[in-house]
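If you want the building blocks of each chain, they are given just below.
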Amino acid sequence: MMEDIREKASLDHEAVVCLNFIRDPNIYFFRRHYRQGLRSHIMEVLKRIDVVRERDGIEIDGVKWFPRAKPTKMLRVFRTKFKRLEEAIEEIGTVKIIEKYLGPDHIATSNEFLVDYMVKGRRDFVLCGFQEYVEGEVLDPWSSITRAHLAGLLIRMNKGSGDKSETSAELQIQRVRIGVETFIEGVKRMILEAGHVPDLAGVGNILLTPAGDIKLVDINNVSKVSFESSIEVDDKGYPVCDTSIKALSLLEQKVLDRSINMKETIYRTFLDVQRMKEVRVLQESFDSSVAYR
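Just so it is clear, the model here is predicted, and its values are computed rather than measured.

Q: Would you mind showing me how to read the nonpolar core here?
A: Side chains that are nonpolar tend, in soluble globular proteins, to be buried together. Grouped together as the largest cluster of nonpolar side chains are 41 residues, with contacts concentrated most on Phe183 and Leu216. Those elements that provide at least two residues to this core are α3 (85-106), α4 (147-157), α5 (166-194), β10 (206-208), β11 (214-216), α6 (240-254) and α7 (265-270). Examining the composition of this core, we find that eight residues originate from one element, α5, more than from any other. Sequence-distant contacts of Leu216, defined by excluding residues within four places in its chain, comprise Ile98, Leu102, His106, Ile107, Ala108, Phe183, Pro198, Asp199, Leu200, Asn205 and Ile206. Among the nonpolar cores identified, the runner-up in size contains 17 residues, and Ile5, Val16, Val115 and Val119 belong to it.

See below:
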């Protein structure tokens, strides 16, 4: 009997094309993305011709190249088993909240859809998403983000593009800062107006594109925000709300090079010293539980 894909540790091409809702499997090749979330399988959707070129190489001016196949889209298959259709629709609604407050400039846009899924002799449904593929470097709030670091990321991504002047580099960094500022403003409005915050804490959730734009690529984990003293955890036991707001403050300090305003309701509540100590205990407990899974 076929194993439920939501229970599998990972998927490969064969597992995806065997799904009853996949059509014309010969057109595309599905490859496991290096980033796998706790909430969903993430697969690169590749053109078969590009995979062949990556494997066999192409000859240009007598030199053989092996260009890496770039995804046309990303396929996300949610691991969650929804008990009711309304739960899945609510999950889709949280993605729409992110779209409203951050817009296409700051998220990897996605089309969510529900599909019939035949498993173990019964009919169920699975939530999936076709998401924009974003090329870029990880912007990790927990790491050192200096002007030199940003410049290094931009230079590496734009190697061979032509303009290497100091003026061009400075303009790109200024673009990054403007983008981060609008990103932070959008997240703060989402917290205060919609009572939700996306997962900003996970390494790799935010990318810096070659053009200097900021994109949130993990749009699956959206946490409700409560300004009460109790610390909320997600269904995996992780304090994602508090850690995301901490990550937000780090971006503000490191990229915008300014002190955070502790008079702001968001920071005054979630960056309280005693509260952050309690959050660290929850994080350590979560890390220990993951290590033994």
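Q: Got a minute to help me understand the sheet that holds strand β7 (residues 122-131) in this structure?
A: Hydrogen bonds between backbone groups are what pair the strands of a sheet, and the pairing can be parallel or antiparallel. Read across the open sheet, the five strands follow the order β1-β2-β5-β7-β6; overall the sheet is antiparallel. Of all strands in the sheet, those bounded by a partner on one side alone are β1 (28-32) and β6 (110-119). Along the sheet, successive strands turn relative to each other by an average axial angle of 30°, direction set aside. Strand direction decides the pairing type here: β1 and strand β2 (residues 40-47), joined by five bridges, are antiparallel. Paired with Phe29 across the strands is Leu46, a residue of β2. Running at roughly 85° to β2, helix α2 (residues 48-56) makes contact with β1 and β2 of the sheet. Packing against the sheet, α3 makes contact with β5 (73-78), β6 and β7, and its axis sits at approximately 160° to β6.

Q: Hey, could you run me through the environment of Phe30 in this one?
A: Mapped onto the secondary structure, Phe30 falls in strand β1. Phe30 sits 44 residues away from Met74 along the chain, and the two C-alpha atoms are 9.1 Å apart. Those residues in contact with Phe30, other than ones at most four positions away along the chain, are Asp12, His13, Val16, Val17, Met43, Glu44, Val45 and Leu75.

Q: Where do I start with the pairing of β5 in this structure?
A: In regular strands, side chains alternate between the two faces of the sheet. The buried count for β5 comes to five of six residues, which makes it a mostly enclosed element. For β2 and β5, the ladder comprises six bridges, and the chain directions are antiparallel. Paired with Val45 across the two strands is Lys73, which belongs to β5. The pairing of β5 with β7 spans four bridges and is classified as antiparallel. Looking across to β7, one finds that Arg76 is bridged to Gly129.

Q: What exactly am I supposed to notice about the side chain of Asp4 here?
A: Looking at the element boundaries, Asp4 is found in the segment before α1 (13-17). Looking at Asp4, the relative accessible area reads 2%, which means it is buried. Of the polar contacts made by the side chain of Asp4, one reaches the side chain of Arg6; its length is 2.9 Å. The residues touching Asp4, leaving out its near neighbours within four places in the chain, are Lys81, Tyr117, Val119 and Lys120.

Q: Would you mind showing me how to read the pattern of salt bridges here?
A: If charged atoms from side chains of opposite charge come close, those side chains can pair. The full count for this structure, using the stated rule, is 28 salt bridges. Among the salt bridges present, the one from Lys8 reaches Glu3, with a minimum N-O distance of 3.8 Å. Across the salt bridge formed by Lys96 and Glu99, the nearest N and O atoms sit 3.6 Å from each other. Of this pair, Lys96 and Glu99 both sit in helix α3, three residues apart, which is roughly one turn of that helix. For Glu99, a relative accessible area of 25% puts it in the partly exposed group. Residues joined in a network through salt bridges with shared partners are Asp4, Arg6, Glu7, Lys81, Lys120, Arg122 and Asp124.

Q: Hey, could you run me through the pairing of β7 in this one?
A: The buried count for β7 comes to seven of 10 residues, which makes it a mostly enclosed element. In this structure, β6 lies alongside β7, joined through 10 bridges in antiparallel fashion. The residue of β7 that forms the bridge with Asn111 is Phe130. Turn length for the β6-β7 hairpin, with the two strands adjacent in sequence and antiparallel, is two residues, and the turn residue Lys120 shows positive phi of about 50°.

Q: Looking at this structure, how should I read the sheet that holds β11?
A: Spatial strand order, β8-β10-β11: three strands in an open sheet with antiparallel pairing. The open sheet has two free edges, formed respectively by β8 (137-138) and β11, since each of these has just one partner strand. As defined by bridge partners, β10 adjoins β11 across three bridges and the pair is classed as antiparallel. When the bridges of β11 are listed, Ile206 appears paired with Leu216.

What counts and how
- Residues numbered from 1 in each chain as written.
- Predicted model: local features only at pLDDT ≥ 70, side-chain atom pairs only at ≥ 80, totals over all residues.
- Heavy atoms only, no water.
- Core = buried A, V, L, I, M, F, W, Y, C linked by side-chain atoms within 4.5 Å.
- Buried < 20%, exposed > 50% of the residue type's maximum accessible area, 1.4 Å probe, protein only.
- Helix = DSSP H or I, 4+ residues; strand = E, 2+ residues; numbered from the N terminus.
- Contact = heavy atoms within 4.5 Å.
- Pairing = 2+ DSSP bridges.
- Axes fitted to C-alpha atoms, helices over the stretch in contact; angles between N-to-C directions.
- Polar contact = N/O pair within 3.5 Å; in protein donor to acceptor, adjacent residues only side chain to side chain.
- Salt bridge = Lys/Arg side-chain N within 4 Å of Asp/Glu carboxyl O.

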